[in-house]
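Topology and contacts: notes
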Amino acid sequence: MKLAAVAFYGFALALLAAGLRELLTGFEENRCSMTYMFEYPEYRRVALPRRVARLYPAYGLYLYGEGVYAQETRALKLTGAPVLFLPGNAGSYKQARSLGSVALRKAENTEGGLHFNVFTVDFNEELVALYGGSLLRQTHFLHESIKAILRLYKHLKTPPQSVVLVGHSMGGVVARALFTLPRFNSNLVSLIITQASPHLAPVLALDPYLLDFYSTVRHKWVTQAKKLRNVTVLSVGGGYRDYQVRSGLISLPCPQGDPNKLSLVATAVPRTWVSTDHLSIVWCKELVLATVRAFFDLIDPETRQFTDNPEKKMSVLNHHFIRHPVRLVGETQDNSISILDFPEAWSEVNTLRLAYSTPKEGQVKYFLFALSSRRKAYSHFYCRSSNLEMTSWVYGCVHKNGSSCVHAVDLSMATELLPPYKVLILSLSDLSSVTHLVVSASNLNGRQYTVECEWQREESQTQSVTVPHVLSFGLTASDVTVNSSGLLHTIRLHHFHQAYQAFRINVASQCKVHKERLPNVYRIHVPWFREDSLTTASVPSVTEISGMLHTSRPDNTSGVLLQLHTAPNCQYKVSVRTSLPRVLGQILRFCGPMVPVYTAVTLLLACGGQLSSILKSRRAADMSQVVGNGLQPHKVNLPVYILHFLLSWSCFQERWAMLFLPLMDSLPPTTPDVTFHEGIIPVDEWPHLLSPLLYIFGAAVAYWGSTLLRLIMRLVSLILAPLHRPSVSRDCGTLRRQPQLFITLCLAVLSWTSCGALSICVAFLFHFYRVLRLQMTERSLSHMLNLAPQKHKEAENGTVHAESSSKPKECNGTPLLSESALQEVRDDLQLHLCLSALFTLPVMLIAPSLLHWIRNLRYSHQLDPDPCWPHLVPLILVYMLLINCNTLKLSKSKFLPLTSCLPLPLAIAMVTFSPLHLYRVTYFLMAALVPLALCSLL
């Protein structure tokens, strides 16, 4: 049985390791370019009012500068446009150097002296993603910092009225929280750009303050969306390299149709097209350049400050972060083309496709495509050019004179920029007033490039393929062959719309004629969210594309599209195959917070199994056995399924509400922001279906974690054994009643005057010492009785004399030690090992608040607010009382039958109410441990 358990949990651990490996390392290499400072960066502290400095001694406000600019701004006489950077979880205020340095270099090459003053806030590198007690304090300090920044511009004739905020990680959440403050003037901030900020929900909810903070921010931005329409918010996610904040969480919770809120992934940003990890998104040169370019385009030339026009802001952000067309919306354009003096510059194209390479010598060249003969047979016109300068290049001719066009309309606004070339796709149904299309292939500067255009029939260049089932485990593949007679092909990937799906998409290209061609671009297009990813490949080649999603499809919209920008006269074979490691990685990416919940469930049921063993046989079972038996999905998941089904009925929901019970907990949704309406959060069904697998993962963590705990106990006991006298009593390491009460009282006082997590950790160490003493005693007794290892004396004839092992040791005819004493110590050791594994979970959950308190000791000796205060005294009492617990006391207790029945219903409740509220795990564990502590007393 033990060998089978080891094999099963070994296999489960291997699956978990494969998923973790894919989650942490299974992504593309970092293709971001580093931003460098050309001069030594300086951070000048901005003086704040005494009241603010006294209220927030750990925080600070700084102005970034380099070289001459840093010297010019020492007196803080500023004339630029203010930008404020907010660091995130454990982030440094010095992370603003990438944004500040690039903005300074860009300003040096800009006429008119336009520049930015980049400020940055020092939040003392607090762990606000794990401890939410500081979030409101950071929000208030941010408000004071904005007011202090605007006071620096009072000497100007037209001082700025608002500040642009750039928030990284939790800094972006704090930026949006500004608008929840009762005295905050919403006109002080009109633009917020967030980088890898989890707006949808916290990554891990380890205390109630974090969830309350998120709930307040969500309620403000959803219910008062109309009042906040003048505030433009752009949220950028890092992609698959960011395993700390999955990109689905960066989606902004807002009502459907809010035009001033944008959420997208960095892989879809033009001229960026890279995935970034959680830290590199701050210094990724491609993304920083896009942000700085947008800032310069947002400057109003009259006021020399950021524009307040929401339409202007959205057009600029759309230009730099979504499509990057030829020019910004609202810019003047010249619609007229008249080159009558050069009739040789015009060529009419009568073929279905044009492929033209410009010569080295500069020339003026235009190609005419007649629409009259193509409208019925074709639906679209596709054209691409390797000249990446975003200038006007495709026109619609309205009036033609001879071989040239006299008057034309610029159609280049729909141009889209791809890594190797720019692309324009025109629908012929939208060109009713146009007689000819004009494509410019002029190269007056002598730079060579290639232009390729063709007429397209959409239905003939679109194919469909059904992706393999997720349970195919990569054994089957879906193949489709494209005989490329065109430049663009689309493959619809049917049934690919859930976040847990993951595929390896291989595209093999072959060409009959080997010649120089434009590169291929393979694009995974997700219609319901801006998370497209692009892959560039040479011709011929074999390219593997990772087919995964950051969000699930919210409704019955079309599925994922694979767009192939191909070379003509080549064959492409596309193979789609399920990738089991990537599926496991996606499951952990989206459902990872459930694993610690099921680990706690397994250890809780193991404790219940240990109590049942003591109740039946008055002996404790082996820890590995009871932890191995803690995997009981039929007893835990089945009631949760039934409850989930019943709550889908309105009559049961009413009775549930009458009992004042909270709603069933669920993980953050995988659907994007468009599904949010009036604060209603959609619930995904597939995490419930995967709960048995997550239970297996949690049980594997519990099994091997408890094994590791036993090894640590043995090692530490060996190290400390020389410092202790050998003991043969089961009461070693216990505390007398008076010292026990005194220590408990001291820990309670310590928790109220400093930090509750510190007192709980000290109580845990007392119990840890008790387990170590039991381990030492067990080893001492084993050696004394010659049972560890058990050695039998062999006679010369091969027989075994076991008298020495079975016969008790005697002193003057009186028995001194016996095997029963050793068995009692072993029983107590197995019991306390189970308790120690269970005690470890609350300690791990409260560790962030302890770290926060330690890092802020020089500013305050008391943690305020303290997330431990509701369960502080009961938990300390439990830890201290159970130090003296043993199997003999428990077996004699009248409360043991009832206590042994509690773990199962509490485990079901834990799975029901703790997936999002991880801190509730401590309450459920305490509900099982308090009766157990009473059993040791009564």
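Just so it is clear, the structure is predicted and the values come from calculations on it, not from any experiment.

1. Some thoughts on the overall build of the protein
Scanning the protein from terminus to terminus reveals 26 helices and 33 strands. Along the first, second and third principal axes, the C-alpha atoms of the protein reach 130 × 75 × 65 Å. By residue count, 57% of the 938 residues in the protein fall in the buried class. Taking all contacts inside the protein whose residues are at least 6 apart in sequence as the whole, residues at least 24 apart take part in 81%.

2. Focus on the state of the cysteines
Using the criterion set out here, one finds 4 disulfides in the structure. Along the protein, the cysteines engaged in disulfide bonds are linked according to the scheme 1-2, 3-6, 4-5, 7-8 when indexed in sequence order. Left without a disulfide partner, Cys868 is nearest to the cysteine sulfur of Cys755, which lies 6.2 Å away. Looking at Cys935, it has no disulfide partner, and the nearest cysteine sulfur is the one in Cys885, 8.3 Å off.

3. A few points about helix H4 (residues 97-108)
Spanning 12 residues, H4 covers 16 Å between terminal C-alpha atoms, matching the ideal 16 Å at 1.5 Å per step. Along H4, the residues that are buried comprise Ser98, Leu99, Gly100, Ser101, Val102, Ala103, Leu104, Arg105 and Ala107.

4. Describing the sheet that holds strand E4 (residues 116-122)
The strand order across the open sheet formed by 8 strands is E1-E2-E4-E3-E5-E6-E7-E8, and the pairing between neighbours is mixed. At either end of the open sheet lies a strand with only one pairing partner, and these are strand E1 (41-45) and strand E8 (261-265). Averaged over all neighbouring strand pairs, the angle between strand axes comes to 20 degrees, with direction disregarded. Pairing analysis gives 5 bridges linking strand E6 (residues 191-195) to strand E7 (residues 232-237), with the strands arranged parallel. Pairing of Thr194 across the sheet is with Ser235, part of E7. Lying over the sheet, helix H6 (residues 170-177) contacts strand E3 (81-86), strand E5 (164-168) and E6, oriented at roughly 140 degrees with respect to E5. In the packing of helix H9 (residues 285-297) onto the sheet, contacts are made with E3, E4, E5, E6 and E7, and the angle to E6 comes to roughly 175 degrees.

5. A short note on empty space enclosed by the protein
Tallied over the full model, the rule gives 9 cavities of 30 Å³ or more. The volume enclosed by the largest cavity comes to roughly 200 Å³. Together, 22 residues line the largest cavity, and Met594, Ser666, Leu667, Pro687 and His688 are the ones closest to its centre. Those elements that place two or more of their residues in the lining of the largest cavity are helix H11 (580-591), helix H12 (594-617), helix H14 (633-646), helix H16 (686-689) and helix H17 (691-720). Across the lining of the largest cavity, the residue classes break down as 15 nonpolar, 5 polar and 2 charged. Computed from the structure, the second largest cavity encloses a volume of approximately 130 Å³. Looking at which element gives the most residues to the lining of the second largest cavity, the answer is helix H21 (residues 819-855), with 4 residues. Class assignment of the residues belonging to the lining of the second largest cavity gives a composition of 11 nonpolar, 3 polar and 1 charged.

6. Points about the packing of aromatic side chains
The geometry of an aromatic ring pair comes down to the distance between the two centres and the angle between the two planes. Scanning the model with the defined rule gives 31 aromatic pairs in all. Judged by centre distance (5.2 Å) and plane angle (80 degrees), the rings of Phe8 and Tyr9 are edge-to-face. Phe8 gets classed as partly exposed once you look at its relative accessible area, which sits at 36%. Three or more aromatic residues joined by ring pairs form one cluster here, namely Phe8, Tyr9, Tyr703 and Trp704. Here the guanidinium or amino end of Arg176 rests over the ring plane of Trp221, the centre of that ring lying 5.0 Å away. Note that Arg384 overlies the ring of Tyr421, its terminal NZ or CZ placed 5.0 Å from the centroid.

7. Details of the packing of helix H18 (residues 737-753) against helix H22 (residues 872-881)
Think of two packed helices as two axes; the pair is described by the angle between the axes and how far apart they sit. Here H18 crosses H22 at 150 degrees, and the two axes come no closer than 10 Å. By the angle between their directions, the pair H18 and H22 is classed as roughly antiparallel. Where H18 crosses over H22, the handedness of that crossing is right-handed. Mapping the contact onto sequence places Arg737, Gln740, Ile743, Thr744, Leu747, Ala748, Ser751 and Trp752 in H18 and Leu872, Val873, Ile876, Leu877, Met880 and Leu881 in H22.

8. Let's talk about the pairing of E3
On a regular strand, each side chain points to the face opposite its neighbour's, so the side chains alternate between the two faces of the sheet. Counting buried residues along E3, 6 of its 6 residues qualify, which places the element largely inside the surrounding structure. Side-chain alternation along E3 places Ala81, Val83 and Phe85 on one buried face and Pro82, Leu84 and Leu86 on a second face that is also buried. Taken together, the 5 bridges between E3 and E4 define a ladder with parallel strand orientation. Among the inter-strand pairings, Pro82 is bridged to a residue of E4, identified as Asn117. Regarding the hand of the β-α-β motif, the stretch spanning E3, H4 and E4 is right-handed.

9. Brief notes about the sheet that holds strand E29 (residues 570-578)
The 4 strands are arranged E22-E29-E24-E27 in an open sheet whose pairing can be described as antiparallel. In this open sheet, the two strands that pair with only one neighbour each are strand E22 (477-484) and strand E27 (541-548). Neighbouring strand axes in the sheet, compared pairwise and without regard to direction, differ in orientation by 20 degrees on average. Note: strand E24 (residues 502-511) against E29, 9 bridges, orientation antiparallel. When the bridges of E29 are listed, Ala508 appears paired with Lys573.

10. As for the pattern of salt bridges
For the structure shown, the criterion picks out 20 salt bridges. Where Glu66 meets Arg105, a salt bridge forms, and the shortest distance between an N and an O atom there is 2.8 Å. Placement of Glu66 in strand E2 (residues 60-66) and of Arg105 in helix H4 is noted, with a sequence separation of 39 residues between them. Residue classification places Arg105 among the buried positions, given a relative accessible area of 17%. Put simply, Glu452 and Arg384 hold a salt bridge, and the shortest N to O gap is 2.7 Å. A residue pair is termed long-range when its members are at least 10 positions apart, and Glu452 in strand E20 (residues 450-456) and Arg384 in strand E14 (residues 380-385) qualify at 68 residues.

Parameters at a glance
- For every chain, the first residue of the written sequence is number 1, and numbering continues from 1 onward in sequence order.
- Local features in this predicted model are restricted to residues whose pLDDT is 70 or higher, and side-chain atom pairs enter the listing and the counts only when it is 80 or higher, whereas totals over whole chains, interfaces and linings include all residues.
- Only hydrogens and water are set aside; all other atoms, that is, all heavy atoms of the structure, feed into the side-chain values.
- Helix and strand assignments come from DSSP, with helices taken as H or I runs of at least 4 residues and strands as E runs of at least 2, each series counted from the N terminus.
- We call a residue buried when its accessible area falls under 20% of the maximum for its residue type, exposed when it is over 50%, and partly exposed in between, using a 1.4 Å probe and counting protein chains only.
- What makes two residues a contact is simply this: any of their non-hydrogen atoms within 4.5 Å.
- A pair of sulfur atoms, both from cysteines and within 2.5 Å, is called a disulfide here.
- A helix's residues, less one, multiplied by 1.5 Å, set its expected span.
- Strand pairing is assigned whenever DSSP identifies at least 2 bridges connecting the two strands.
- With axes taken as lines fitted to C-alpha atoms, and helix axes fitted only over the stretch in contact, angles between N-to-C directions fall between 0 and 180 degrees.
- Using a 1 Å grid laid over the protein atoms alone, points where a 1.4 Å probe fits but cannot get out form a cavity; open sets with protein on both sides within 12 Å along at least 5 of 7 lines form a pocket; any residue with an atom within 4 Å of a point counts as lining.
- Grid points are joined across faces, edges and corners, and a volume is the space filled by probe spheres set on the points.
- Residue classes follow a fixed rule: Ala, Val, Leu, Ile, Met, Phe, Trp, Tyr, Cys and Pro count as nonpolar, while Asp, Glu, Lys and Arg count as charged, and any other residue, Gly among them, counts as polar.
- Working definition: rings of Phe, Tyr and Trp (its six-membered ring) pair if their centres are within 6.5 Å, and the pair is stacked with planes under 30 degrees apart, edge-to-face with planes over 60 apart, and tilted otherwise.
- Ring-over charges, as used throughout, are those where CZ of Arg or NZ of Lys falls within 6 Å of the ring centre and within 35 degrees of the ring normal.
- Orientation is classified from the angle alone, with under 35 degrees giving roughly parallel, over 145 giving roughly antiparallel, 65 to 115 giving roughly perpendicular, and any other angle giving oblique.
- Here a crossing is called left-handed whenever its near helix is offset anticlockwise from the far helix by less than a right angle, and right-handed whenever the offset is clockwise.
- Handedness is read with the strands pointing away from the viewer; a crossover is right-handed when the path from the first strand over the helix to the second is clockwise.
- Criterion for a salt bridge: a side-chain nitrogen of Lys or Arg within 4 Å of a carboxyl oxygen of Asp or Glu.

Distances and angles like these do not, on their own, reveal function.
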